[in-house]
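# Observations on the model geometry
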Amino acid sequence: MIGGFLALTLSLAIAAPASADQVLHEDQSVLSVDERPIRFYVDRPQLEQKLPILLVVDGSGCIGQLRQSSWGNFAPGPADAVPYARLMVEKPGVEPTASDMDGDCSEQFLRNYSIEKRVFDHLRVLQHLAANADWWNGEIYLWGWSDGGDIGAQLVIYRPDIKRAVLGAMGGGLTMAEHFEDFWACPPDTTPDRETCLADLRENFRRMEDNPTWRETWSGKDNSWRVWATRLRSRLSAPPADNRVPILILHGELDRDNTPVESARKLVAHLQETGNPAFTYWEIAGMEHGWNDLPKARQQAIVSAMSDWLLTGAVDPRKRSLAVDGVAGDR
């Protein structure tokens, strides 16, 4: 095998004349330091000018980055406020179009999916592109949701050259262990014998953290003990307090079963207490973990407002009001 630091670039490119509405799709891979191939996709308009990267970081699950989805994939097009190249890093052992309905997760996914490895994989791909992508102008915009918000927050820590970041549905003020203890498994207001419930739950945590095996799953077929060991104690309050990259934090006001909104509120309160000037918080009225159940006009406004904020740093007040509050008024 060729050395682990040598990039393996498998480029499948579609030739087209230089134009903002002609998008080149590249399917590539590069080796990680443990010699795993990291597959990634670049979609960029065929323009003469150099382009920034919009890095899109998906949430949890053994689902592919090129699947049919309504979650807002930010594919580049001629109407974008600023031309950009979209970068998506594939999860290990996942086919690009795989969906939630495609059966059990692969052994490769369960062996290798963890929050830490996802952070490292994205850093490795960015390093590879910095050395090889002659179309890149060096700027990075970042969008992450749920697990991707957690991963994205850590990428901002390790890549302070990121220009702006949108981090959605990640919580961050409470740990995942606290989510289970206080909201999901043993909520104080509905658990008759909470001491026993907490003792049993914490024993599960101990087993997963002491033995982070990929062979056992818990709370979902795609959640190995290995990934739980990297999620349970993660609290995002401290490092973002030192951050000066502009960040837009979004969370649905009705989110509880996936990431309790109280976790996002606690993160925001902490950032306010530390005097951090670099973040904006939008709590989306009527939204749970994602926007698929909202009216189409609001879904479009949310995606468009996030894109505008990322690429320009500004959002039309009426669009923001429709996205956040559900009304098309001035604010």
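Here we summarise the structure given alongside this text. Predicted model, so just to flag it, every value in this text is computed and none were measured.

On to unusual backbone geometry, then. Positive phi, close to 65°, is recorded for E35, a residue that is not glycine. Checked against the element boundaries, E35 lands in the loop between β1 (19-31) and β2 (37-46). The phi dihedral of S146 is positive, around 60°, even though this residue is not glycine. Within the element layout of this structure, S146 appears in the loop between β5 (136-145) and α3 (147-158).

Moving on, we come to the pairing of strand β7 (residues 247-252). Of all six residues making up β7, six are buried, and the element is well covered by its neighbours. In β7, alternate side chains face the same way, and those of I247, I249 and H251 on one face and L248, L250 and G252 on the other are all buried. Taken together, the six bridges between β7 and strand β8 (residues 279-284) define a ladder with parallel strand orientation. Within the sheet, the bridge partner assigned to L250 lies in β8 and is W282.

What follows is about the pattern of salt bridges. With the rule as written, the count across this model stands at 19 salt bridges. One salt bridge connects R231 with D147, and the closest N-O pair in it is separated by 2.8 Å. In this pair, R231 is assigned in helix α6 (residues 225-231) and D147 in helix α3, connecting sequence segments 84 residues apart. Residue class for D147 comes out buried when judged on its relative accessible area of 8%. In this structure, D182 engages R194 in a salt bridge whose closest nitrogen and oxygen atoms are separated by 2.6 Å. Here D182 is found in helix α4 (residues 176-184), whereas its partner R194 is found in helix α5 (residues 194-210), with 12 residues between them in sequence. Under the relative-accessibility criterion, D182 is labelled partly exposed at 30%. The exposure class assigned to R194 is partly exposed, which follows from its relative accessible area of 22%. Via salt bridges that share partners, D34, R36, K117 and D121 belong to a single interconnected network.

As a further point, take empty space enclosed by the protein. On inspection of all chains with the given rule, the structure shows three cavities of 30 Å³ or more. Volume-wise, the largest cavity comes out at about 40 Å³. Every residue lining the largest cavity is listed: A153, L167, M170, L236, P240, I247, I249, L267 and L271. Where the lining of the largest cavity is concerned, the elements lending two or more residues are β7 and α8 (261-273). Here the lining of the largest cavity is composed, by residue class, of nine nonpolar, no polar and no charged.

Time to look at the packing of aromatic side chains. All told, the structure shown has 10 aromatic pairs when counted by the stated rule. Ring geometry for W145 and W291: centres 5.0 Å apart, planes at 80°, overall edge-to-face. Pair noted here: W145 is in strand β5 and W291 is in the loop between β8 and α9 (296-312), with a separation of 146 residues, a long-range link. Directly above the ring of W228 sits R231, whose terminal nitrogen or CZ lies 4.8 Å from the centroid.

Another aspect to go through is helix α2 (residues 115-132). Along its 18 residues, α2 runs 26 Å from first to last C-alpha, staying within 8% of the 26 Å computed at 1.5 Å per residue. Buried within α2 we find I115, R118, V119, D121, H122, R124, V125, L126, H128 and L129.

Rolled over the atoms, a probe as big as a water molecule pinpoints where empty space is left. The calculated volume of the largest pocket comes to roughly 1,100 Å³. Lining the largest pocket are 43 residues; nearest its centre among them are G59, S60, S146, N258 and H289. Listed by contribution, the elements that provide at least two residues to the lining of the largest pocket are β5, α3, α4 and α6. Ranked by residue count, the leading element in the lining of the largest pocket is α4, at four residues. Within the lining of the largest pocket, the residues separate by chemical class into 14 nonpolar, 20 polar and nine charged.

We now examine the nonpolar core. Generally speaking, a soluble globular protein has its nonpolar side chains buried in company with each other. L87 and L129 are the most contacted members of the largest nonpolar core, which has 47 residues in total. The contacts of L87, once residues within four sequence positions are left out, are F40, Y41, V42, I53, L54, L55, V56, V125, L126 and L129.

The next subject is the pairing of strand β4 (residues 85-89). Of all five residues making up β4, five are buried, and the element is well covered by its neighbours. Both faces of β4 are covered, namely the face carrying A85, L87 and V89 and the face carrying R86 and M88. Judged from the four bridges that link them, β2 and β4 form a sheet pairing that is antiparallel. Note on β4: the bridge partner recorded for D43 is R86.

Reading guide: rules and limits
- Residues numbered from 1 in each chain as written.
- Predicted model: local features only at pLDDT ≥ 70, side-chain atom pairs only at ≥ 80, totals over all residues.
- Heavy atoms only, no water.
- Helix = DSSP H or I, 4+ residues; strand = E, 2+ residues; numbered from the N terminus.
- Buried < 20%, exposed > 50% of the residue type's maximum accessible area, 1.4 Å probe, protein only.
- Pairing = 2+ DSSP bridges.
- Salt bridge = Lys/Arg side-chain N within 4 Å of Asp/Glu carboxyl O.
- 1 Å grid on protein atoms, 1.4 Å probe; cavity = no way out; pocket = protein on both sides within 12 Å on 5 of 7 lines; lining within 4 Å.
- Points joined across faces, edges and corners; volume = space filled by probe spheres on them.
- Nonpolar A, V, L, I, M, F, W, Y, C, P; charged D, E, K, R; others polar.
- Phe/Tyr/Trp six-rings, centres within 6.5 Å; stacked < 30°, edge-to-face > 60°.
- Lys NZ or Arg CZ within 6 Å of the ring centre and 35° of its normal.
- Expected span 1.5 Å × (residues − 1).
- Core = buried A, V, L, I, M, F, W, Y, C linked by side-chain atoms within 4.5 Å.
- Contact = heavy atoms within 4.5 Å.

Fair warning: the whole summary comes from geometry, so function is off the table for now.
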